[in-house]
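Here's the letter readout for the chains.
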Protein chains: 2
Amino acid sequence: MLRLSKLTDYAVVVLTRLEEAEEGGVLTAPGLAAATGLGEPTVSKVLKILSHAGLVEGRRGALGGYRLTRPLAAMPLTDVIAAIDGPIALTACVDNSIGVCDAEATCPVRGRWDPVNDAIRRALSGISIADLAGAPQRAALAAE
Amino acid sequence: MLRLSKLTDYAVVVLTRLEEAEEGGVLTAPGLAAATGLGEPTVSKVLKILSHAGLVEGRRGALGGYRLTRPLAAMPLTDVIAAIDGPIALTACVDNSIGVCDAEATCPVRGRWDPVNDAIRRALSGISIADLAGAPQRAALAAE
DNA sequence: TGAAAACAGTACCTGAATGGTCCTGATTGC
DNA sequence: GCAATCAGGACCATTCAGGTACTGTTTTCA
Ligand code: FES
Ligand code: FES
């Protein structure tokens, strides 16, 4: 179904909530879980991944929590997808993956998916998380 | 990984081979399997799906086989994806799917993925199978 | 008329990947 | 020192795609 993982959706939700934090203030994982209605472990997992990708910053300790490193408007959707779902590549039979496919020798589309990947990547990079959060200012305009 | 199913890749391969058939001539599923190097049951399955979607036409009988209903240049990639992977929708939390998600009430991106879906759909609809087969004439230009 | 070839449809099985949970450690503040 | 929180990893269950097999129907040829 060309679906991306549900965690990516959760990530967008969490990021949107994080935007509402005070300047310099942090939100805790349990707090975000309560605010979003998602499970605490799941939210924690998402935040860890995002932290690893540099999209959020975790502060430990008693008064710890998570904080956005950049405003959502400057955070393209591709970053979130790449952080959770991995690099954007439609098929396994792309560029360097040799040996995974049996039909490499006679395959006529060997490496031909690259333009498709680029097209999608480009379409997605024009959309920021802020566009999904509630301000569809330039969403869907990237492909025009 | 934002991957689409491997069957879609196979479909493109098979369709490309089908293009090489004689005018009015048909290619059999076993023949295509041998030409592509894929398993016969798998090729058969792909062809059945494509036939069901109207992209190819199957002729039964001893001299039966499959035939393209349209030239590859007039076959957008979205048709193939929609035929095999189903409709293009990034997440399950889109439009009408109610009840699948727990955070519907507080979810700020509820239904916000639609512009993303449109963007991808638009980027993909500009690419035909012929573009992937070996003539990247306007591939990747759809997003510009 | 019979047999063979090929598509059509369905049903089942297996494997991998996602989604989700939990546990243990490191760090910070009170 | 204690509590709270993040960090990291391991673990299990579920789901779904991928693949296979079977049966039925249609057409051609001997
Ligand atoms: S290389 Fe895998 S199907 Fe083309
Ligand atoms: S409705 Fe499911 S996460 Fe938003």
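**Student:** Would you mind showing me how to read the confidence of the model for chain A here?
**Tutor:** Predicted coordinates in regions of low pLDDT should not be interpreted in detail. All names here are of chain A. Summary statistics for chain A give a mean pLDDT of 80 and a share of 77% for residues scoring 70 or more. Segment residues 94-98: pLDDT under 50, and 10 contacts once partners within four positions in sequence are set aside and those in other chains are kept. Here residues 135-144 is a poorly scored stretch, pLDDT under 50, and it has 20 contacts once near neighbours within four places are set aside; other chains count.

**Student:** It is not clear to me how the packing of helix H1 (residues 6-19) of chain A against helix H4 (residues 77-84) of chain A should be interpreted in this structure. Could you clarify?
**Tutor:** If you want to describe how two helices pack, look at the angle between their axes and the distance between the axes. Residue and element names in this part refer to chain A. Contact geometry for H1 and H4: axes closest at 9 Å, N-to-C directions at 130 degrees. With respect to H4, the element H1 is oriented oblique. Between H1 and H4 lies a crossing of right-handed hand. Across the interface between the two elements, Leu 7, Thr 8, Ala 11, Val 12 and Leu 15 of H1 pack against Leu 77, Val 80, Ile 81 and Ile 84 of H4. Across the contact of H1 with H4, the residue classes break down as eight nonpolar, one polar and no charged.

**Student:** Would you mind going over the pairing of strand E1 (residues 56-59) of chain B with me for this structure?
**Tutor:** All names here are of chain B. Relative to strand E2 (residues 65-68), E1 runs antiparallel, the two sharing four bridges. Its bridge partner lying in E2, Arg 59 is registered against Gly 65. Once E1 ends, the chain turns through five residues before running back antiparallel as E2, passing Gly 61 with a positive phi of about 95 degrees.

**Student:** Would you mind going over the pattern of salt bridges with me for this structure?
**Tutor:** Opposite charge on two side chains allows them to pair when their charged atoms are near. Residues and elements named next belong to chain A. A complete count under the given rule lists six salt bridges over all chains for this structure. Between Arg 121 and Asp 118 there is a salt bridge whose closest N-O contact spans 3.9 Å. Here the residue Arg 121 and the residue Asp 118 both occupy positions in helix H5 (residues 114-125), the gap between them amounting to three residues, near one helical turn. Taking relative accessible area as the criterion, Asp 118 reaches 35% and is therefore assigned partly exposed.

**Student:** Explain helix H2 (residues 29-36) of chain B to me, please; I cannot follow it from the model alone.
**Tutor:** A turn of α-helix holds 3.6 residues, and therefore any two residues three or four places apart point the same way. Residue and element names in this part refer to chain B. Taken together, the buried positions of H2 are Ala 29, Leu 32, Ala 33 and Thr 36. Buried residues of H2, seen end-on, are gathered within an arc of 105 degrees and therefore sit on one face of the element. Those residues of H2 that are buried are in contact with helix H1 (6-19), helix H3 (40-53) and E2. Of the residues flanking the start of H2, the one acting as N-cap is Thr 28, its side-chain oxygen 3.0 Å from the backbone nitrogen of Gly 31.

**Student:** What am I meant to see in the domain arrangement of chain A here?
**Tutor:** Often the size quoted for an interface is simply the accessible area lost on bringing the parts together. Residues and elements named next belong to chain A. Each assigned domain of chain A is listed here: domain 1 (6-68) and domain 2 (75-135). Of the residues lining the interface, 11 residues belong to domain 1; the matching set on domain 2 comes to 11 residues. Together, the buried faces of domain 1 and domain 2 total about 890 Å²; carbon and sulfur atoms form 86% of this surface. Considering only the side of domain 1, the residues that lose the most area to domain 2 are Thr 8, Val 12 and Leu 55, jointly responsible for 51% of the buried surface there. The tally of links between domain 1 and domain 2 comes to one residue pair in polar contact (both at pLDDT 80 or more). Listed by contribution, the elements that provide at least two residues to the side of domain 1 that touches domain 2 are H1 and helix H3 (40-53). In terms of residues, the side of domain 1 that touches domain 2 owes the most to one element, H1, which gives six residues. Of the residues in the side of domain 1 that touches domain 2, the class split is nine nonpolar, two polar and no charged.

**Student:** Looking at this structure, how should I read the protein's contact with DNA strand D?
**Tutor:** The local shell around DNA strand D holds 25 residues, among which A:Lys48, A:Arg60, A:Tyr66, B:Lys6 and B:Lys45 are the closest. Within 4 Å of the protein, the contacting atoms of DNA strand D are 71% sugar and phosphate, with bases supplying the remainder. Within the backbone of A:Ala29, one N or O atom sits 2.9 Å away from a phosphate oxygen of DNA strand D. A:Arg60 is positioned with one of its side-chain polar atoms (N or O) 3.0 Å from a sugar or linking oxygen of DNA strand D. Counting only elements with at least two residues in the surface near DNA strand D, the list comes to helix H2 (29-36), H3, strand E1 (56-59) and strand E2 (65-68) of chain A together with H1 and H3 of chain B. Sorting elements by how many residues they give to the surface near DNA strand D places H1(B) first, with three residues. A per-class count over the surface near DNA strand D returns nine nonpolar, nine polar and seven charged.

Calculation rules
Residues numbered from 1 in each chain as written. Chains lettered and ligands numbered in written order. Predicted model: local features only at pLDDT ≥ 70, side-chain atom pairs only at ≥ 80, totals over all residues. Heavy atoms only, no water. pLDDT = per-residue confidence, 0-100. Contact = heavy atoms within 4.5 Å. Axes fitted to C-alpha atoms, helices over the stretch in contact; angles between N-to-C directions. Helix = DSSP H or I, 4+ residues; strand = E, 2+ residues; numbered from the N terminus. Parallel < 35°, antiparallel > 145°, perpendicular 65-115°, else oblique. Left-handed = near helix turned anticlockwise from the far one by under 90°. Nonpolar A, V, L, I, M, F, W, Y, C, P; charged D, E, K, R; others polar. Pairing = 2+ DSSP bridges. Salt bridge = Lys/Arg side-chain N within 4 Å of Asp/Glu carboxyl O. Buried < 20%, exposed > 50% of the residue type's maximum accessible area, 1.4 Å probe, protein only. Arc of directions from axis to C-beta. Polar contact = N/O pair within 3.5 Å; in protein donor to acceptor, adjacent residues only side chain to side chain. Domains from an automatic or database assignment. Buried area = accessible area lost by both parts, 1.4 Å probe. Near = heavy atom within 4 Å.

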